[in-house]
Amino acid sequence: MNVTRGFTGRPRVHNPGLPPGQYDAGEDWPVLSAEVTPDLTAADWSFRIDGLVERPHTWDWDAAHALPESAYDGDIHCVTGWSKFGVRFGGVSLDAFFHVVRPHVSATHVIARSHTGYTTNLPLADLTGGRAWIVWAYGGEPLPAEHGGPARLLVPHLYFWKSAKWIAGLTLLDHDEPGFWEGNGYHERGNPWEEQRYSGD
Amino acid sequence: MTETVTTNPGAPAGGPGGPATRFAVPGRIAVSERVAAVWQTATLAEIRRETPHAATFRLAVPDWAGHVPGQHLLLRLTAADGYVAQRHYSIASAPDDSGHIELTLDHVPDGEVSGWFHTVARPGDTVEVRGPLSGFFAWPGDRPALLIGAGSGIVPLMSMVRHRRRRALTVPLRMLVSARGPEELIYASELGAETTPVFTRTAPQGVPVGRMTAAHVAPLLAEQPSGGWEAYVCGSNGFAEHASRLLVAAGQPVDRIRIERFG
């Protein structure tokens, strides 16, 4: 252990919900995107799942909202170090979308695409089983544009760059391909509990 | 130091039927996994005050593999009880072979890590760093660069300015930087003709006071260099939103704007 002389850190209580290397952002919700926030309205928004699926499908705003509602109550973790506790997102579980398109058994990975062109890659298993959502509400209000509104992907058990803002679609693949940040030195999976921040972690 | 410019094949255009909100800005450089994964001990060599709230910390990192201007690192401090605090900081210095890098840190109110640097740290202290990290906000010095920053958002941009000077590059570069007043303008004595400061609260006699506007951005976009500008925006989220919208409104393509925001 490389102790820093005179460093004590903030007064703290052990929080078992805080992954290693993270701090509690409290009420703050920092915005971290490398791109210009798009002017994207609900009427412009669409969401498509294609690739290795039986029935590729595109939902518009109303069609997506016609699926069964599902909320996430819990925590989120950003690779830059902050975590945010007790957040509530409203939307639809990705399971409901996958139920329509029926993934092939050969599908192992997913590239998530944003309306801006941003991409991120995920194992398909991280998006199924009630662990991922398309969300458009935050704390009961419409999701703000700078946080990915009108709708974003939510994969709260991974670092938040995987939760692509302004989500446009998912393409199912039988192999892994790096997305935007993964091609810029970040980890392929991004599990906060294993501190999978950068390539090589 | 790697300066390989790569394209990013994993960035297709936006979704079908979507509006014209293209981004897909390719990464600028390849990032070394090996270098980025290793924690190194850095020894504080020198502290220089820049403004009442910001100081530059020069670190000796003998095995530093080099960086590209605009890249950042991850820094960690460890308390005696094992508690660790990690923060990302942009690198302020230009790439060189001195075995040193410089960080310029604002003293954030209640800042756990910046507080230690500003009130406890002295030459000879050691911290740990890993990096350089990320290939996105990097500028190897190959394309005309339009830099827009506010507050300590000038830090990665100054690395670019210093790099251009050190290498005597002739590629066009202009910088717009916003500060509350002249005494809070970081690196003020180093800024040259490439830089236009914008003062939001106080300014020298005869210099206007106010936030950055279209009138600051328009002249720079009117004098487009060959191949156009690559824009780099760094600052708080509020500033980054404002500045990036000014750029878009003035005609800068969204896929040629790179943004680094801090909370």
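Before reading further, recall that the structure is shown in the block above.
Everything numeric in this text was worked out from a predicted model, so none of it was measured. (Residues numbered from 1 in each chain as written. Chains lettered and ligands numbered in written order. Predicted model: local features only at pLDDT ≥ 70, side-chain atom pairs only at ≥ 80, totals over all residues. Heavy atoms only, no water.)

Q: Please explain the side chain of Arg-130 of chain B as it appears in this structure.
A: Among the structural elements, Arg-130 of chain B can be located in strand β6 (residues 126-133). Within the structure, the side chain of Arg-130 of chain B is placed 2.9 Å from the side chain of Asp-201 of chain A, a separation counted as a polar contact. With residues near it in sequence (within four places) discarded, Arg-130 of chain B still touches Tyr-198 and Asp-201 of chain A together with Ala-36, Ala-37, Val-38, Trp-39, Leu-73 and Leu-74 of chain B. (Helix = DSSP H or I, 4+ residues; strand = E, 2+ residues; numbered from the N terminus. Polar contact = N/O pair within 3.5 Å; in protein donor to acceptor, adjacent residues only side chain to side chain. Contact = heavy atoms within 4.5 Å.)

Q: Mind showing me how you'd approach the interface of chain B and chain A here?
A: For interface size, the figure often reported is the accessible area lost on association. Facing the 61 residues of chain B at the interface are 51 residues of chain A. Taken together, chain B and chain A are joined by five salt bridges. Here Arg-245 of chain B and Asp-39 of chain A are joined by a salt bridge, their closest N and O atoms 3.5 Å apart. For the pair chain B and chain A, the number of links is 16 residue pairs in polar contact (both at pLDDT 80 or more). Listed by contribution, the elements that provide at least two residues to the side of chain B that touches chain A are β3 (72-78), β4 (84-90), α2 (112-119), β6, α5 (237-249) and β11 (257-262) of chain B. Taken together, the residues of the side of chain B that touches chain A sort by class into 26 nonpolar, 20 polar and 15 charged. (Salt bridge = Lys/Arg side-chain N within 4 Å of Asp/Glu carboxyl O. Nonpolar A, V, L, I, M, F, W, Y, C, P; charged D, E, K, R; others polar.)

Q: Please explain empty space enclosed by the protein as it appears in this structure.
A: Here the idea is plain: a probe the size of a water molecule rolls over the atoms and shows the empty space left. By the definition in use, this model includes one cavity of 30 Å³ or more. In this structure, the largest cavity encloses a volume near 30 Å³. Gly-21, Gln-22 and Tyr-23 of chain A together with Tyr-83, Val-84, Ala-85, Gln-86 and Arg-87 of chain B together form the lining of the largest cavity. Of all the elements, β4 of chain B adds the most residues to the lining of the largest cavity, at four residues. Considered class by class, the residues forming the lining of the largest cavity number four nonpolar, three polar and one charged. (1 Å grid on protein atoms, 1.4 Å probe; cavity = no way out; pocket = protein on both sides within 12 Å on 5 of 7 lines; lining within 4 Å. Points joined across faces, edges and corners; volume = space filled by probe spheres on them.)

Q: Honestly, the pairing of strand β8 (residues 173-179) of chain B in this entry has me stumped. Any pointers?
A: For a regular strand, side chains alternate in direction, first toward one face of the sheet and then toward the other. Residues and elements named next belong to chain B. The element β8 is largely enclosed, with a buried count of six among its seven residues. Of the pairings in the sheet, the one linking strand β7 (residues 145-150) to β8 comprises six bridges and is parallel in character. If you follow Leu-147 over to β8, its bridge partner there is Met-175. As for the winding sense of the linkage, the β-α-β connection from β7 through helix α3 (residues 154-166) to β8 is right-handed. Examined bridge by bridge, β8 and strand β9 (residues 195-199) share five bridges and lie parallel to one another. Paired with Met-175 across the two strands is Thr-195, which belongs to β9. (Buried < 20%, exposed > 50% of the residue type's maximum accessible area, 1.4 Å probe, protein only. Pairing = 2+ DSSP bridges. Right-handed = clockwise from strand over helix to strand, strands pointing away.)

Q: Could you clarify how one ought to interpret the side chain of Glu-35 of chain A in this entry?
A: All names here are of chain A. Mapped onto the fold, Glu-35 is located in the loop between β1 (23-24) and β2 (46-51). In this structure, Glu-35 is buried with no salt-bridge partner, the nearest side chain bearing the opposite charge being Lys-165 at 6.9 Å. A distance of 2.5 Å separates a polar atom in the side chain of Glu-35 from a polar atom in the side chain of Thr-116. (Lys, Arg positive; Asp, Glu negative; His and termini not counted.)

Q: Where do I start with the layout of surface pockets in this structure?
A: Its volume calculated, the second largest pocket comes out at about 490 Å³. Together, 19 residues line the second largest pocket, and Arg-12, Val-13, Leu-18 and Gln-22 of chain A together with Tyr-83 of chain B are the ones closest to its centre. The residue makeup of the lining of the second largest pocket, split by class, is nine nonpolar, five polar and five charged.

So, to be careful, I would describe these as geometric facts and stop short of saying anything about function.
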